[in-house]
Structure formats: C-alpha cells, structure tokens
Amino acid sequence: DTSFYLLNRFLVLENSHDVPRLSVLTLVLKGSFLDDPSSENLITVDLNPDFLVKSLRQSELAELYIWDPTSGLVSHPNQETLFNWKKSSLADILTEKLSINSVLPREVFEADLDGHSYLLNLSSLGIGDLALVSQIKKEDAFQALNTLAIQSLQVGLFIISLAFLLSILFSAKLTENI
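Quick caveat: nothing in here was measured; it's all calculated off a predicted structure.

Asker: Before we move on, could you go through the pairing of strand β4 (residues 63-68) and cite the residues and values that matter?
Answerer: The buried fraction of β4 is high, at 5 of 6 residues. By the bridge criterion, 5 bridges tie β4 to strand β8 (residues 131-137) in an arrangement that is antiparallel. Pairing of Trp67 across the sheet is with Ala131, part of β8. Pairing geometry for β4 and strand β5 (residues 72-75), over 3 bridges, is antiparallel.

Asker: How would you summarise the environment of Glu139 if you had to cite specific residues and measurements?
Answerer: Residue placement: Glu139 occurs in helix α4 (residues 138-141). Judged by relative accessible area, Glu139 falls into the partly exposed class, the value being 43%. It is 8.3 Å that separates the C-alpha atoms of Glu139 and Tyr118, two residues lying 21 residues apart in sequence.

Asker: How would you sum up the pairing of strand β6 (residues 106-113)? Please name residues and give values.
Answerer: Side-chain direction in a regular strand flips from residue to residue, so the side chains alternate between the two faces of the sheet. Burial along β6 is one-sided: Glu107, Phe109, Ala111 and Leu113 are buried, while Arg106, Val108, Glu110 and Asp112, pointing the other way, are not. As defined by bridge partners, β6 adjoins strand β7 (residues 116-124) across 8 bridges and the pair is classed as antiparallel. Paired with Val108 across the two strands is Asn121, which belongs to β7. Connecting the antiparallel pair β6 and β7 is a turn made up of 2 residues, with Asp114 showing a positive phi of about 50°.

Asker: Outline a nonpolar patch on the surface, listing residues and values.
Answerer: There is a patch of nonpolar side chains on the surface, built from Val155, Phe158, Ile159, Leu162, Leu166, Leu169 and Phe170 and spanning about 720 Å² of accessible area. Along the polypeptide, Phe170 turns up in helix α5 (residues 143-174). Classification of Phe170 as exposed rests on a relative accessible area of 54%.

Calculation rules
Sequence order as written defines the numbering, with residues in each chain counted from 1. Confidence filtering applies because this is a predicted model: local features only for residues at pLDDT of at least 70, side-chain atom pairs given and counted only at 80 or more, and all residues used for totals across whole chains, interfaces and linings. With hydrogens and water set aside, each side-chain value is computed from the structure's full complement of heavy atoms. Note on classification: 1.4 Å probe, protein chains only; a residue is buried when its accessible area is under 20% of the maximum for its type, exposed when over 50%, partly exposed between these limits. Runs of H or I in DSSP of at least four residues are treated as helices and runs of E of at least two as strands, each being numbered from the N terminus. One requirement defines pairing of two strands: DSSP has to find at least two bridges between them. Residues enter patches when their relative accessible area tops 30% and they take part in no salt bridge; the joining distance is 9 Å for like charges and 5 Å for the nonpolar side chains Val, Leu, Ile, Met, Phe, Trp and Tyr. Working definition of accessibility: Shrake-Rupley area with a 1.4 Å probe, residue cover restricted to the visible protein chains. Salt bridge criterion: a side-chain nitrogen from Lys or Arg within 4 Å of a carboxyl oxygen from Asp or Glu.

Here it is in structure tokens:
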C-alpha cells in the first residue's frame with residue numbers, strides 16, 4: 001500500500017497557439033488533519049515539473065526520465081514523449097520489467113524500440129515505486145569503444161608494417177656480402 005501517488009496530468013489550453021498543452025505533476029497524499037486524526041483525507045498538490053525536467057536534461061547522450069508502475073511516465077525532458085508515452089512500446093516494456101521485479105535496486109537490459117536497439121538502466125529512487133530510467137542507443141553507448149578498437153588496430157597494423165619493412169632493409173644489408 002503506497003502512502004502517496006504521483007500523477008502526470010495535462011491541461012489543454014484552448015485558444016492558445018504557443019503552448020497548447022501544459023504538464024502538471026500531481027502529488028496525492030493520504031492523511032488526516034490534526035483536529036480529527038481519525039478522518040481520512042486526500043491531499044493533492046499540483047506542481048510544475050520544470051524542476052525535474054531541468055535535472056533530467058543534463059545528460060547529452062542518454063535520455064533520463066522518471067517512471068512509476070502505477071501512473072506511468074512521470075517526467076521526461078521531451079514534451080512530445082511525455083504527451084504520447086502511452087502509444088510507445090516502451091510503456092509495455094517498462095511495465096513488464098517493473099511488474100516482474102517490484103523490489104528493484106537496479107537493472108540493465110536491452111530493448112528494441114522503433115527499429116533501434118537501446119540499452120536501458122532502471123534504478124529505484126527509493127521513493128515509493130518510482131524508478132529513474134536512462135535510455136541510450138546501443139551504437140552511441142559503444143561508440144567510444146569502437147573508435148578505440150579501430151584506432152588500436154590501425155596503430156598495430158602500422159607497427160607491423162614498419163617492422164616488416166625494417167626487417168627487409170636489415171636483411172638486405174646482412175645478406176649483401178654473401
């Protein structure tokens with residue numbers, strides 16, 4: 001039983017051409033008032049999620065977002081992804097992964113999304129069932145490793161070629177008197 005819920009809601013502003021949709025993060029808490037502790041109330045707080053979005057935009061390679069198994073995508077730096085997350089295959093993958101392992105410290109897995117292979121890392125935030133998800137294209141994740149391997153191969157071929165040429169020159173000088 002969770003003591004709070006995070007809901008991602010949208011306000012659609014009519015007659016507005018600049019910002020037709022506004023994201024609102026709603027925190028719902030169970031509680032009671034001090035004068036009547038036996039009463040059960042729901043307390044809701046609406047937040048502008050810009051403070052989360054600014055934090056999540058700090059990575060240049062990976063997309064970072066917050067996921068809740070109950071309400072889905074809580075915060076994402078890309079507004080369109082946030083508005084259309086239910087249509088993506090990622091929603092099904094994350095819901096399945098989080099339902100299999102509800103006590104999740106950290107998990108890394110590979111998923112195919114929109115024809116691309118991605119590496120995803122799920123990490124529990126320690127607040128309810130919230131998880132931080134980082135997503136990066138597999139080729140971007142291994143680009144530095146691939147570049148290093150290619151450059152090492154090129155340097156190795158250069159050294160072998162140089163050694164071969166030097167051995168031909170020295171062997172020609174050694175066999176010159178024979």
